[in-house]
Each structure stands twice: as structure tokens, then as C-alpha cells.
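Each chain, written out:
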Amino acid sequence: MIPRLLLFVLLGTLTLQAQEDIEKYLLTDSLQIQFLVDNNTPIDSSQKEPKVRAFTSLGLTSRQFGKLSDMNSTLLTHGYGEIPQSSLGWTYDVRVDIKDHLTVGFNYHSNLFLSKFQQGASHSSKFTYFSFLINLGYRQNLGPLYIIPGVGLGISQSILSLKPNDMESLTWDDLFANNDLVAAVSQTDFALSTDVSLAKYITRGEKGTKLLSLKVGMIFHPFSFGDPGISGAEFSFVKVTEAPSLSNSGVFLVLTWG
């Protein structure tokens, strides 16, 4: 009888001790969960979400044209002004840096509003280009700077505008009488580019992080989408045969901030 009583007492003591340990564990676990909830701290958030930085930048670009010699020779022969071999333009750039190395985005280059008519013996000419490129790059850290070799692909359009020297306007009747004096010939190409960038992140407190980037590269056009054409209400509604290349291929330099 006495051993059985001692056995019950021992079991009761062990059960009471186990219950106290379970209650203590549950209380500690509840306090930890409450602390995480109150502080809005996700568990292992650094491992679940990728590190991403997005930048929208504006800047200036310089394009050194490489295929204008044949066109300029033809323009001079017909009394038009030569197209300069280089042109200042502007660029709009959207870039996303993913984790430690990958960079993707797109940019838009053009000299619209910045190119000017070049006067010749009797007529003037102006060369305007648009380039839209989707880019992929690989970032490498160089202390305070990043170096980013990259490639891009997209489309380009080149437009050659022609008119008599000093013509700024004409009457409605003159339009019909001289409709062969004013023209805009355009060409659309498939574009590829290779480039390398130097970039620096600049932290500005509550204003966030800004990006300063300098890019140098080359754009070239393996093929065109059809022959050049005279632009009008419908894009290139009259084709131009035996025309020299209107490609805006060449070396470019881009400086952006954003």
C-alpha cells in the first residue's frame, strides 16, 4: 500500500513539473511572436525578397555617325548641305538593378529638337534619329564605383529632311506648286549595341539614392525594315530606291542622372 502511495506522489510531482515547463515554453514563445508582430519584422525577409533598385534618369548623349559619307557626297552633288559627323542629343533611361550583379532596363536616344538644318548651295538638309534599346548588363563593384558591360537590342529610325535654304513657311498655293521642294526620307533599322558603363550610387538621406552613370558604346544596324521611304500621313507611303544608307550607326557617349 505504501509503495503504491509513493508511486502516485512521484507521478504527481513529475506531472506538475512537466506542466510548469510547458506553460513556461508557451509563454516565452508567445512573447517572441508578439515582439515580431509589434515590430513588423518578417522572419528571414532578407532571404525571401530580392534586392532591387529602380532608377529613372535623364541625360545627354553624343553620337558619332559612321556611315554618312555616301549620303553627304550625294547631298553635295545636288546642292544640299552636308550632315555633320557628330550630333548632340538627349536620352531617357529606365534601369533596374537586381541583387548584386544583374542590371536590366531600356533607354531612348534622340537628337530631336537639337539637330539643325545645314545649308548648301541652294538647299538645306537635317538628319534626325531615334533609337530605342532594351539593355542587359552585369555589374561589378570597383570600390565606390560600379563597372557594367552590357548589350542592347531594339529599333532605330533615321529621318533626312530636305528643303530650300531659308524656307520657313509657304502658302497653301505654294505647297501644290512646289511640292517637290520639301521632303522627309526615313529609314527604320533593327538595332544592336554593346557598351560599358561606370556608375555611382549617391545616397541623399530622405530623398533616397540617386544614380550617376557614364556610358560609352557602339550601336549598329544589321538590317533595315524595307527600303527608305518618303514620310507623310502614312508612314513611308512612297519608297525611295537606290538611296545611300541613312543609318545612324556609330559610337555614342551617354551621361545620365536620376
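Since we're looking at a predicted model, the values are computed, not measured. (Residues numbered from 1 in each chain as written. Predicted model: local features only at pLDDT ≥ 70, side-chain atom pairs only at ≥ 80, totals over all residues. Heavy atoms only, no water.)

**Student:** I'm lost on empty space enclosed by the protein in this one. Help?
**Tutor:** One simple way to see leftover space: roll a probe sized like a water molecule over the atoms. Summed over all chains, the structure comprises one cavity of 30 Å³ or more. The calculated volume of the largest cavity comes to roughly 230 Å³. Along the wall of the largest cavity there are 22 residues; nearest its centre are Asp-93, Arg-95, Thr-103, Ser-197 and Lys-215. Contributing elements (two or more residues each) for the lining of the largest cavity: strand 2 (86-98), strand 3 (102-110), strand 5 (123-138), strand 7 (145-164), strand 8 (183-203), strand 9 (209-224) and strand 12 (250-257). Take the lining of the largest cavity: its biggest share by element is six residues, from strand 3. In terms of residue class, the lining of the largest cavity is made up of seven nonpolar, 11 polar and four charged. (1 Å grid on protein atoms, 1.4 Å probe; cavity = no way out; pocket = protein on both sides within 12 Å on 5 of 7 lines; lining within 4 Å. Points joined across faces, edges and corners; volume = space filled by probe spheres on them. Helix = DSSP H or I, 4+ residues; strand = E, 2+ residues; numbered from the N terminus. Nonpolar A, V, L, I, M, F, W, Y, C, P; charged D, E, K, R; others polar.)

**Student:** How should the pairing of strand 1 (residues 52-65) be read in this particular structure?
**Tutor:** Regular strands show a simple pattern: their side chains alternate between the two faces of the sheet. In the sheet, strand 1 pairs with strand 2 via 13 bridges, with the strands oriented antiparallel. From the neighbouring strand, Phe-55 faces strand 2, where its bridge partner is Arg-95. Looking at chain direction, strand 1 and strand 12 are connected through eight bridges and run antiparallel. Within strand 12, the residue paired with Phe-65 across the bridge is Gly-250. (Pairing = 2+ DSSP bridges.)

**Student:** Help me out: how do you make sense of the side chain of Asp-195 in this one?
**Tutor:** Note that Asp-195 resides in strand 8. The buried charged residue Asp-195 lacks any salt bridge, with Lys-215 as its nearest oppositely charged partner at 4.4 Å. Once residues lying within four places of it in the same chain are set aside, the contact partners of Asp-195 are Asn-135, Ile-148, Pro-149, Gly-150, Val-151, Lys-215, Val-216, Gly-217 and Phe-252. (Buried < 20%, exposed > 50% of the residue type's maximum accessible area, 1.4 Å probe, protein only. Lys, Arg positive; Asp, Glu negative; His and termini not counted. Salt bridge = Lys/Arg side-chain N within 4 Å of Asp/Glu carboxyl O. Contact = heavy atoms within 4.5 Å.)

**Student:** Could you clarify how one ought to interpret the layout of surface pockets in this entry?
**Tutor:** Its volume calculated, the largest pocket comes out at about 370 Å³. Looking at the largest pocket, it is lined by 17 residues, and the ones nearest its centre are Thr-74, Leu-160, Leu-162, Val-185 and Val-240. At the level of secondary structure, the elements contributing two or more residues to the lining of the largest pocket comprise helix 3 (69-77), strand 7 and strand 8. At three residues, helix 3 tops the list of elements feeding residues into the lining of the largest pocket. Class assignment for the residues of the lining of the largest pocket results in 12 nonpolar, three polar and two charged.

**Student:** Is there a simple way to explain the pattern of salt bridges in this structure?
**Tutor:** A pair can form between side chains of opposite charge whenever their charged atoms are brought close. Evaluated as defined, the whole model comprises three salt bridges. A salt bridge links Asp-97 to Arg-95; the nearest nitrogen and oxygen atoms lie 2.9 Å apart. Comparing Asp-97 with Arg-95, the two get one shared label, buried. Linking Asp-97 and Arg-139 is a salt bridge whose minimum nitrogen-to-oxygen distance equals 3.7 Å. Highlighted residues: Asp-97 in strand 2 and Arg-139 in the loop between strand 5 and strand 6 (140-142), separated in sequence by 42 residues. On the basis of relative accessibility, which here comes to 1%, the residue Asp-97 falls in the buried class.

**Student:** Got a minute to help me understand the pairing of strand 2 in this structure?
**Tutor:** As paired elements, strand 2 and strand 3 share nine bridges and run antiparallel to each other. Bridge pairing links Arg-95 to Gly-105 in strand 3. What sits between strand 2 and strand 3 in their antiparallel hairpin is a turn of three residues, with Lys-99 showing a positive phi close to 55°.

**Student:** Looking at this structure, how should I read the confidence of the model for the chain?
**Tutor:** Low pLDDT means the predicted coordinates in that region are not meant to be read closely. On average, residues of the chain carry a pLDDT of 84, and 79% of them reach 70 or more. Predicted confidence is poor over residues 1-16, with pLDDT under 50, and the contacts of this stretch with residues over four places away or in other chains come to zero contacts. Low pLDDT, under 50, characterises residues 29-33; the predicted model gives this stretch zero contacts beyond four residues in sequence or across chains. (pLDDT = per-residue confidence, 0-100.)

**Student:** What's the story with the environment of Thr-256 in this structure? I'm lost.
**Tutor:** Topologically, Thr-256 is positioned in strand 12. On the basis of relative accessibility, which here comes to 7%, the residue Thr-256 falls in the buried class. Sequence spacing of Thr-256 and Lys-215 is 41 residues, and the spatial spacing of their C-alpha atoms is 8.5 Å. Each residue touching Thr-256, except ones within four places of it in the same chain, is listed here: Ser-57, Leu-58, Gly-59, Thr-91, Leu-211, Leu-212 and Ser-213.

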